[in-house]
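# Descriptive analysis of the structure
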Amino acid sequence: MAGNDTGTMDPEVAALLGTAGSGNGPMPDFNEIFGGKNNDDFADISSASGGDVDLTHSGFPPVTKRLEEKGHNHFNDPNYYKIALSNEGDIAQRIHGILQKYLTAKDPKDRSVFRQQFVSPYWEFLASVAKKAAGKLPPPKKYLLRFALLHPAFLSADIKEFLSKIVDENPLDQPVYYLDEWFNGVGTSKMRPSSTDEAKVTKGNNNNNSKIQALYEKAQGRLEGSKSLLRAKDKERNDVENILRDRVNSIYEKHPLREFAEVSDTYTEGQKAAINEIQNLLKLLIKNDHELEVSIKEYSNADVDAQNLAEKLASEGGSSAVTIDTGAIETECDTIRQMAKMTIGRQGNHFPILTNEYYHSVPNEVATRENIISMLARIESIDSEAFCRVYKNKANRIAPYVLLLPTYGDMGFCWEPFDRFNRATSRGRIIVPLYPRNLYLAVLTAVADLRWQVAKEKASFYWMEEGLTGNYYQWFQAQKLKGDIKEYFIRDYILWMTKESEGIQKLDKDVRGAFWRHMPFTKEVKEKLKNRNLIYQELYQRDLNRTMSDGY
């Protein structure tokens, strides 16, 4: 779309591109930019924070800054589109040509054809850009991955200003990632590539090496899990010791007798309670010490196994060192394309770039990192165990990875409930579209999917009989319902979180009872609901009865 071509464009298309009076200027001639070498800026490796699991965290941090006060100027760069396409070879020239035909076509049928032809080459182009995400990307390529922003002229000034104010970094250090950050993490081995149904095929002498590599990754998963549990046990011991210190100090507070000042009075009721509590705290310390001893042994064994396998891998010609893995990024890009389709659905808008024509979100409904963290905190304030996973009879809070995909989808979902090499403490993976019509519902569908998959994996072969999934399956069968049971569950979870949490009865009695038992509301929500009507009051009383009988 050289400047000479703009005269053949439809006026509305020209306005869309901003070629009339736009600060971005007309699209330049790109004959000199295709097929070039990589820029030296791609050499630096940046970090992706938020990957380590800390089991001592009890919630999400408050979001104090949603947007920057002043946006950056990258979207006003007249060379933005040129830089976005540069150094990507023939595929960049191909999508440029198809996009040019799409924008200049007069006939709606022709535009529809070119629109469809654009999708597959664009994903091939995106894979080429993604391979460079393990290094330092120039801003146009970064925002191409992050926001699907191929050319700023496709957007109005208001939208560009909003996007420029979105916080670039991750100061809250939460596992919520934009697509460029996700590719960076996969390419630098900070996180494992997403699991797929297709197993990798290995040939010849590499077969033994691949087996050792798989064992090494499994050992690393055990090591990461044991580290997290060890930290949690140490934190638990410190917390008990601090409470014990406070209770002991309270006993030393003396109050002289009014009649005989040389003698101290008896212990107060508070001090007597502290003495009883001290006995329980000492028992907890003994129990914790035993569990800590077991955890230390597990960590030591996992560490030895990982080191031995690393040495074995090195002797076989492999490597456990962190390097930029462009092959992993390419495979991940194929997986990301599947994820994108799932967020959109069959009948949705699969056009892969951001334009005024299809962007209809308001700032609060865009899945920025800050908005997502706020949504997750909102969910956790209602569903107290939304991100908990039980291991060795202890519920560990493990916030999932959240990947923000720049699509026009409305559905979030869970790709993996946990890492296959570390079921104990690894993060699950949920996907949320960046431009949904209702962000809260998109996040709720993802969390509901996570809830279902974690419960199903926990019950294993007995998922139709035990726990949350077992109760729901038996109700589903009794109602003689047809279709995907998980879709029914997600629908009911949304009602549970949006209606039942407010005292509005929308669920079947048996479903409500199962959810109350296996997906309990927070204490604050339960206290509010028990005074609404007899239904919730009865469920609340059941909780008290179970607590008294030690059956809860």
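Numbers given to residues run from 1 along each chain, matching the order in which its sequence is written. Only residues with pLDDT of 70 or above have their local features reported here, since the model is predicted, and side-chain atom pairs are shown and tallied only from 80 upward, although totals for entire chains, interfaces and linings are computed over all residues. Values shown for side chains rest on all heavy atoms present in the structure; no hydrogens or waters enter the calculation.

## Here's the deal with the packing of helix H12 (residues 439-459) against helix H14 (residues 485-498)
Put simply, the rule is: Every axis in this analysis is a line fitted to C-alpha atoms, fitted for helices over the stretch in contact. Angles between the N-to-C directions lie between 0 and 180 degrees. What counts as a helix is a DSSP run of H or I of at least four residues, what counts as a strand is a run of E of at least two, and both are numbered from the N terminus. For classification purposes, an angle smaller than 35 degrees is called roughly parallel, one larger than 145 roughly antiparallel, one from 65 to 115 roughly perpendicular, and anything else oblique. Working rule for handedness: look at the near helix, and if it is turned counterclockwise from the far one by less than a right angle, call the crossing left-handed; if clockwise, right-handed. Two residues form a contact once any of their heavy atoms are found within 4.5 Å. Residues are grouped as follows: nonpolar covers Ala, Val, Leu, Ile, Met, Phe, Trp, Tyr, Cys and Pro; charged covers Asp, Glu, Lys and Arg; every other residue, Gly included, is treated as polar.
It is the contact of H12 with H14, at a shortest axis distance of 9 Å, that shows an interaxial angle of 120 degrees. The angle between H12 and H14 falls in the class oblique. With respect to the hand of their crossing, H12 and H14 are arranged in right-handed fashion. Residues Tyr440, Leu441, Leu444, Thr445, Val447, Ala448, Asp449, Arg451, Trp452 and Gln453 of H12 form the contact with H14, whose own contacting residues are Ile485, Lys486, Phe489, Ile490, Tyr493, Ile494, Met497 and Thr498. Partitioned by chemical class, the residues of the contact of H12 with H14 number 12 nonpolar, three polar and three charged.

## As for the layout of surface pockets
Unoccupied space between atoms shows up once a probe the size of one water molecule is rolled over them. Rules: Cavities and pockets are found on a 1 Å grid laid over the protein atoms alone: a cavity is a set of points where a 1.4 Å probe fits but cannot escape, a pocket is an open set with protein on both sides within 12 Å along at least five of seven lines, and a lining residue has an atom within 4 Å of such a point. Grid points are joined across faces, edges and corners, and a volume is the space filled by probe spheres set on the points.
The computed volume of the second largest pocket comes to approximately 930 Å³. For the second largest pocket, the lining is made up of 40 residues, of which Arg389, Val390, Tyr391, Val454 and Lys458 are closest to its centre. Among the elements of the structure, helix H8 (206-251), helix H9 (269-315), strand E2 (388-391), H12, helix H13 (467-478) and helix H15 (509-518) are those that each provide at least two residues to the lining of the second largest pocket. No other element matches the seven residues that H12 contributes to the lining of the second largest pocket.

## Thoughts on the pairing of strand E4 (residues 401-405)
Consecutive residues of a regular strand have side chains that alternate between opposite faces of the sheet. Here is the rule we go by: Using a 1.4 Å probe on the protein chains alone, a residue whose accessible area is under 20% of its type maximum counts as buried, one over 50% counts as exposed, and one in between counts as partly exposed. For two strands to be treated as a pair, DSSP must find no fewer than two bridges joining them.
The buried count for E4 comes to five of five residues, which makes it a mostly enclosed element. Side-chain alternation along E4 places Tyr401, Leu403 and Leu405 on one buried face and Val402 and Leu404 on a second face that is also buried. Both strand E1 (residues 176-178) and E4 contribute to a ladder of three bridges, which runs parallel. In the sheet register, Val176 faces E4, and the bridge partner there is Val402.

## Observations concerning the pattern of salt bridges
Opposite charge on two side chains allows them to pair when their charged atoms are near. Note the cut-off: Counted as salt bridges are all cases of a side-chain nitrogen of Lys or Arg within 4 Å of a carboxyl oxygen of Asp or Glu.
For the structure on display, the rule yields 30 salt bridges. Across the salt bridge formed by Asp180 and Arg146, the nearest N and O atoms sit 2.9 Å from each other. You can see Asp180 sitting in helix H7 (residues 179-187) and its partner Arg146 sitting in helix H5 (residues 139-147), a full 34 residues away along the chain. This pair shows no difference in class: Asp180 is buried, exactly as Arg146 is. Across the pair Arg397 and Glu380 runs a salt bridge whose closest N-O atoms are separated by 2.7 Å. In this pair, Arg397 sits in strand E3 (residues 394-397) while Glu380 sits in helix H11 (residues 369-380), placing the two residues 17 residues apart along the sequence. Of the two residues, Arg397 and Glu380, neither departs from the other in class, the shared state being buried. Salt bridges sharing common partners tie together Lys142, Arg146, Asp168, Asp180, Glu181 and Arg369.

## As for the nonpolar core
Put simply, the rule is: Each nonpolar core is a collection of buried residues, namely Ala, Val, Leu, Ile, Met, Phe, Trp, Tyr and Cys, held together in the definition by side-chain atoms within 4.5 Å.
Ranked by internal contacts, the top residues of the largest apolar core, which has 118 residues, are Phe125, Phe147, Leu150, Leu163, Ile372, Val432 and Tyr493. Sorting elements by how many residues they give to this core places H12 first, with 13 residues. Those residues in contact with Leu150, other than ones at most four positions away along the chain, are Tyr80, Tyr81, Ala84, Leu85, Leu99, Phe118, Phe125, Leu144 and Ile353.

## Description of helix H17 (residues 534-548)
Put simply, the test is: To estimate the expected span of a helix, subtract one from its residue number and multiply by 1.5 Å. Each direction from the helix axis to a C-beta atom contributes to the arc, which is the arc of those directions. In protein, a polar contact means a hydrogen-donor-capable atom and an acceptor-capable atom, both N or O and within 3.5 Å, with residues adjacent in sequence counting only if both atoms are side-chain atoms; elsewhere, any N or O pair within 3.5 Å suffices.
With 15 residues, H17 ought to run about 21 Å at 1.5 Å a step, and its terminal C-alpha atoms sit 21 Å apart, in line with that. The set of residues buried in H17 consists of Tyr536, Leu539, Tyr540, Asp543 and Arg546. For H17, the angular spread of buried residues about the axis comes to 115 degrees, placing them on one side. Exposed residues on H17 whose side chains face more than 90 degrees from its buried face are Leu534 and Met548. The elements touched by buried residues of H17 are H15 and helix H16 (523-529). Where H17 begins, one side-chain oxygen reaches toward the backbone nitrogen of Ile535, 3.1 Å away; that side chain belongs to Asn533.

## Observations concerning the sheet that holds strand E5 (residues 413-416)
Judged by pairing direction, the sheet is mixed, and its four strands sit side by side in the order E1-E4-E6-E5 without closing on themselves. The two strands at the open ends of the sheet, each matched to only one other strand, are E1 and E5. Taking each pair of neighbouring strands and ignoring which way they run, the sheet shows an average axis angle of 30 degrees. Across five bridges, E4 lies against strand E6 (residues 429-433) in parallel orientation. Bridging across to E6, Leu404 finds its partner in Val432. Here H11 sits on the sheet in contact with E1, E4 and E6, set at roughly 155 degrees to E1.

Purely geometric numbers; function is a separate question.
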